[in-house]
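A look at the structure
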There are 2 protein chains.
Amino acid sequence: MVKKSLLRNYARLIAKRGVNIQKGQDVVIEAELDQAEFVKMLVRVCYQCGARRVVVNWHSQELDVLHYRFQNEKTLSLTLPWEQARLQHYVDTLPARIYLDGDDPDGLASVNRKKLAAVVGARRKAAKPYRDKMENRHQWCIAAVPGEEWSKKLFPRTRGSVAQDKLWESILSVCRVTEEGDPVAAWEEHNKNLAKRCAHLNKLGIESLHYTAPNGTDFTVGMIPGAVFCGGEERTVRGVTFNPNIPSEEVFISPMRGKAEGKVVSTMPLSWNGALIEDFEITFKDGRAVEWHARKNEELLGKMIEMDEGSAYLGECALVPFESPIRETGMLFYNTLFDENAACHLALGFGFPDCLPGFATRTQDEAHRMGINDSTLHVDFMIGCRELNITAKCTDGKTVPIFENGTWAF
Amino acid sequence: MVKKSLLRNYARLIAKRGVNIQKGQDVVIEAELDQAEFVKMLVRVCYQCGARRVVVNWHSQELDVLHYRFQNEKTLSLTLPWEQARLQHYVDTLPARIYLDGDDPDGLASVNRKKLAAVVGARRKAAKPYRDKMENRHQWCIAAVPGEEWSKKLFPRTRGSVAQDKLWESILSVCRVTEEGDPVAAWEEHNKNLAKRCAHLNKLGIESLHYTAPNGTDFTVGMIPGAVFCGGEERTVRGVTFNPNIPSEEVFISPMRGKAEGKVVSTMPLSWNGALIEDFEITFKDGRAVEWHARKNEELLGKMIEMDEGSAYLGECALVPFESPIRETGMLFYNTLFDENAACHLALGFGFPDCLPGFATRTQDEAHRMGINDSTLHVDFMIGCRELNITAKCTDGKTVPIFENGTWAF
């Protein structure tokens, strides 16, 4: 049994450092039914942090499978008027939003891929105007709570409740929730370290990054002039800091749309829409993914890349050293929140306007004109390994090593 | 362990006979988190019955306690714009609505009574215009699924899962879900029997009913001319039959507002807003409750009676024989859905316009002008016992026995 006091500390970390609830703010939690015990604890902590109203939107992947099976695509794709009104309410009230991730990575494997992609695309498209209006204006945090099936997948040879306890232990440990010390303080320290990395990178004036590894990766990606590397905590336009991902080990930037050349080879499977895409590579030309292969689920990879106008372009380049605590667990979590923090990665789909200087005063449209990619998709995939080298070409003409043998060169 | 096949039959009973889902109709299920296993089965059955979309609104009494503790009355009382939009969506699409009851009867005991009554009143008031617009236009059904705490309360000396199984067995048995035979067919037979009772009563031309029992009950209530006794299945204005309560053993009518004289003495505790009101009596004059006493929670009883303009008047008189299968279990369920079907009862609060002749073509306002009580409240309380006698005074001047020694006199 995982100690209640540790779970309570984790809940405090999410409420205080994850979304940094402001006095009188609303909080909206998205959770799975099998996370109920932790959610009850978290709701109490949110109120104790000064929340005015805490609402939980409950989800069930098992029921989703039934909905996909029995509803037609049109019905599934609809965002009903009251659902739109709810999104508008979020725009109007800017709640802190907590997403508790814990799905079975294979939970939607039985769902028709084409139907799923179409429905997810349609619903994202309907939500996008609301999401755009909230961009950088409210705090949000994705954190994980072990669901039953996810735990069983990672620890298949143990009983259900033991598997869940084991996954809890891994999550708490990589999230810096330990018996010793205060996790909120540990995260403040961690945020400072990530900020130092960013400051160093941002002084270099990087024009492009060149990735090479013996597995075949040979790839160059261009930067938007003036864009900055970010990592750890973020800040709303009103100056409230928050940690959008717990855990997070990455330093990231949104690259220039249209500037990517060469081939990247995946170093970890990608879990997307409930299925695993394995051993894949993608070749870019003029910023666009033009060719791809996968040993498993190549067709699904294609669906993802071709989802909309922007889904074949990159939205993110993230740097994660090979000695990341998450990689050091030796576990594949089958969950991007963890696996993306085990290795350097790229993301297809939308980029982050807050990587631009003066983002607070810019519109989404301006950000897109400056080179931030726009899409309804944002999917990370891992290309980091022990042999990865990255060099930067800088505006002053110099070439500077950034990563050597999978880790920071400075 | 309760057999899955029995649970599936119960789900079928709710979907087919409870709400009688029409092909292409939406279904909305209100459920507690601890009913998830049965809900998953029910959702599947609803789709198999032809539902277009099945939505589950999840509730948690444990979280409600936190909301009441930490939110102020104003925040709790608000029906947000998107919640109004959802109610309007129900008016527009007329879904079949299933309410799965299974709350801990004492679950809200720690909540401030005054705050609770104010909030419930405010939220009901906001929902009422929508409810009125759906009256008799869609199918709905309240059925029970044992929650953990409710089960423990009824079987306190057994382990949690055993208690839940025992409560399941009681529920399935009184709902006519047995190993032998089809519960849907059993309910069609039961509906026929209730319809025969109603037909007999409706031929008598009853002006008023006079209740007497040795416990002190001596009470007369007047009828609306032409109003009819109903029981078992109901019918929407478009002719779709449904069973709004499973179980249901009662034959009922809405009396004439303003015509009630004398004293009624409760024969079972009343569970309201999470607390028990015990050993109480209410005296009526000109139809209005003017005096009341209770050994336990008298103040709460007063709050309920004085909730709004109509809550001191009667909305229902229901006849249930003492040999009801629910009474025969010998159990107090601490839940109105069951306990009201164990004994004759009255209800304070709103009445049912469908007891009026030609109700389909009448507005709510007309129904109220004809004598159907209006209120946001509707609360049943039990006055039936083995010694209860009821006689009817009829329009032809005759006096006819209706109940003798607690059961039907005809």
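Residues numbered from 1 in each chain as written. Chains lettered and ligands numbered in written order. Predicted model: local features only at pLDDT ≥ 70, side-chain atom pairs only at ≥ 80, totals over all residues. Heavy atoms only, no water.

Side note on the overall build of chain A
Of the regular secondary structure elements, chain A holds 13 helices and 20 strands. Taken over C-alpha atoms, the radius of gyration comes to 20 Å for chain A, in line with the 22 Å a tight globule of 410 residues would show. Reported as C-alpha extents along the three principal axes, the dimensions of chain A are approximately 55 × 50 × 50 Å. Each of the 410 residues in chain A was classed as buried or not, and the buried ones make up 57%. Of the contacts formed within chain A by residues at least 6 apart in sequence, a portion of 75% connects residues at least 24 apart. When the accessible surface of chain A is split by element, carbon and sulfur atoms take 49% of a total near 17000 Å². (Helix = DSSP H or I, 4+ residues; strand = E, 2+ residues; numbered from the N terminus. Rg over C-alpha atoms; globule rule 2.2 N^0.38 Å. Buried < 20%, exposed > 50% of the residue type's maximum accessible area, 1.4 Å probe, protein only. Contact = heavy atoms within 4.5 Å. Areas by Shrake-Rupley, 256 points an atom, 1.4 Å probe, with all protein chains shown as cover.)

A closer look at the packing of aromatic side chains
Residue and element names in this part refer to chain A. A full pass over the atoms with the stated rule returns 29 aromatic pairs over all chains. Between Phe 38 and Trp 168, the ring centres sit 5.4 Å apart and the planes meet at 55 degrees, which makes this aromatic pair tilted. With a gap of 130 residues between them, Phe 38 in helix H2 (residues 36–48) and Trp 168 in helix H8 (residues 160–174) connect regions that are remote in the sequence. For Phe 38, a relative accessible area of 5% corresponds to the buried category. A centroid spacing of 4.9 Å and a plane angle of 65 degrees characterise the contact between Phe 403 and Trp 408, whose relative ring orientation is edge-to-face. Overall, Phe 403 belongs to the buried group, its relative accessible area being 1%. (Phe/Tyr/Trp six-rings, centres within 6.5 Å; stacked < 30°, edge-to-face > 60°.)

Details of the environment of B:Tyr334
All names here are of chain B. Following the sequence through the fold, Tyr 334 ends up in the loop between helix H11 (325–328) and helix H12 (336–339). Once the C-alpha coordinates of Tyr 334 and Leu 276 are considered, the two residues, 58 residues apart in sequence, prove to be 8.4 Å apart. Not counting residues within four places of it along the chain, the set of residues in contact with Tyr 334 comprises Pro 105, Trp 150, Lys 153, Leu 154, Ser 271, Leu 276 and Asp 339.

Observations regarding the relation of the copies chain B and chain A
One chain copy maps onto the other through a rotation about an axis and a shift parallel to that axis. The operation relating chain B to chain A is a screw motion whose rotation component is 180 degrees, with 0.0 Å of axial translation and a residual RMSD of 0.0 Å. Read as a symmetry element, the transformation amounts to a two-fold axis. Among all residues of chain B, the minimum C-alpha distance to the rotation axis is found for B:Trp82, at 2.7 Å. Mapped onto chain A, 100% of the interface residues of chain B are again interface residues, and the two copies thus contact each other with one and the same surface. (Least-squares fit on C-alpha atoms with pLDDT ≥ 70 in both.)

Some details on H8(A)
Residue and element names in this part refer to chain A. For H8, spanning 15 residues, the distance from its first C-alpha to its last is 21 Å, which sits close to the expected 21 Å at 1.5 Å a residue. For H8, the complete set of buried residues consists of Ala 163, Gln 164, Asp 165, Leu 167, Trp 168, Ser 170, Ile 171, Leu 172 and Val 174. Among the structural elements, helix H1 (4–18), H2, strand S4 (140–144), helix H7 (148–154), helix H11 (325–328) and helix H12 (336–339) are those in contact with the buried residues of H8. Phi turns positive one or two residues past the end of H8, at Arg 176, with a value near 65 degrees. (Expected span 1.5 Å × (residues − 1).)

Here we look at the pattern of salt bridges
Residue and element names in this part refer to chain A. In this structure the tally under the stated criterion is 44 salt bridges over all chains. Between Arg 123 and Glu 83 there is a salt bridge, with its nearest N and O atoms 3.3 Å apart. With a gap of 40 residues between them, Arg 123 in helix H6 (residues 113–134) and Glu 83 in helix H5 (residues 81–93) connect regions that are remote in the sequence. A relative accessible area of 16% means that Glu 83 is categorised as buried. Residues joined by salt bridges that share partners form a network here, namely Glu 278, Asp 279, Arg 295 and Lys 296. (Salt bridge = Lys/Arg side-chain N within 4 Å of Asp/Glu carboxyl O.)

Remarks on the environment of B:Glu234
Residue and element names in this part refer to chain B. With respect to the element layout, Glu 234 can be found in strand S8 (residues 234–235). Judged by its relative accessible area of 16%, Glu 234 is buried. Spatially, the C-alpha atom of Glu 234 lies 39 Å from that of Arg 159, the residues being 75 residues apart in sequence. Once residues within four sequence positions are removed from consideration, Glu 234 is found in contact with Val 240, Thr 241, Phe 242, Pro 244, Phe 252 and Asp 354.

A word on the interface of chain B and chain A
The partner chain A presents 27 residues to the 27 residues of chain B that form the contact. When chain B packs against chain A, the two sides together hide about 2900 Å² of surface, and 70% of this comes from carbon and sulfur. Between chain B and chain A we count two salt bridges in total. Residue A:Lys40 pairs with B:Glu62 through a salt bridge whose shortest N-O separation is 2.8 Å. Counting the contacts that link chain B with chain A gives six residue pairs in polar contact (both at pLDDT 80 or more). Of all the secondary-structure elements, those providing two or more residues to the side of chain B that touches chain A are helix H2 (36–48), strand S2 (53–59), helix H3 (61–70) and helix H5 (81–93) of chain B. Grouping the constituent residues of the side of chain B that touches chain A by class yields 14 nonpolar, six polar and seven charged. (Buried area = accessible area lost by both parts, 1.4 Å probe. Polar contact = N/O pair within 3.5 Å; in protein donor to acceptor, adjacent residues only side chain to side chain. Nonpolar A, V, L, I, M, F, W, Y, C, P; charged D, E, K, R; others polar.)

Details of the confidence of the model for chain A
For any part of a model where pLDDT is low, the fine detail of the predicted coordinates should not be relied upon. Overall, the prediction assigns chain A a mean pLDDT of 94, with 100% of residues at 70 or greater. Quick note on the complex model: pTM equals 0.88, ipTM equals 0.87. (pLDDT = per-residue confidence, 0-100.)

Structural notes on the side chain of A:Asp26
Residues and elements named next belong to chain A. Turning to its location among the elements, Asp 26 is positioned in strand S1 (residues 26–32). By relative accessible area, which is 5% here, Asp 26 ends up buried. Among the polar contacts listed, one links the side chain of Asp 26 to the side chain of Arg 52, at a separation of 2.9 Å. In this structure, Asp 26 is in contact with Arg 52, Arg 53, His 89, Thr 93, Pro 95 and Ala 96, ignoring residues within four places of it in sequence.

Side note on the pairing of strand S17 (residues 378–382) of chain A
Residue and element names in this part refer to chain A. Counting buried residues in S17 gives four out of five residues, a clear majority hidden from the surface. The pairing of strand S16 (residues 345–349) with S17 spans five bridges and is classified as antiparallel. In the strand pairing of S17, Ala 347 is matched with Asp 380. (Pairing = 2+ DSSP bridges.)

Remarks on the pairing of strand S16 (residues 345–349) of chain B
Residue and element names in this part refer to chain B. Counting buried residues along S16, five of its five residues qualify, which places the element largely inside the surrounding structure. Pairing analysis gives four bridges linking strand S15 (residues 314–319) to S16, with the strands arranged antiparallel. Across the sheet, the residue bridging to Ala 318 is His 345, located in S16.

A word on the nonpolar core
The tendency in soluble globular proteins is for nonpolar side chains to be buried side by side. Residues A:Tyr10 and B:Tyr10 are the most contacted members of the largest nonpolar core, which totals 119 residues. Residue contacts for B:Tyr10: discarding those within four places in its chain leaves B:Phe38, B:Ala143, B:Ala144, B:Trp168, B:Ile171, B:Leu172, B:Cys175, B:Val177 and B:Ile246. (Core = buried A, V, L, I, M, F, W, Y, C linked by side-chain atoms within 4.5 Å.)

Observations regarding the packing of H1(A) against helix H9 (residues 183–204) of chain A
All names here are of chain A. Packing of H1 against H9 brings their axes to within 9 Å, and their N-to-C directions diverge by 50 degrees. Put simply, H1 runs oblique to H9. Taken together, the residues of H9 that come into contact with H1 (itself represented by Asn 9, Arg 12, Leu 13, Lys 16 and Arg 17) are Pro 183, Val 184, Trp 187, Glu 188 and Asn 191. Residue composition of the contact of H1 with H9, grouped by class: four nonpolar, two polar and four charged. (Axes fitted to C-alpha atoms, helices over the stretch in contact; angles between N-to-C directions. Parallel < 35°, antiparallel > 145°, perpendicular 65-115°, else oblique.)

Focus on the sheet that holds strand S15 (residues 314–319) of chain A
Residues and elements named next belong to chain A. Ordered by their spatial adjacency, five strands build an open sheet running S7-S10-S15-S16-S17, and the pairing between neighbours is antiparallel. Both outer strands of the open sheet, strand S7 (230–231) and S17, are each paired with one neighbouring strand and no more. Of the strands in this sheet, S7, strand S10 (251–253) and S15 touch H9, which is tilted by about 45 degrees from S10.

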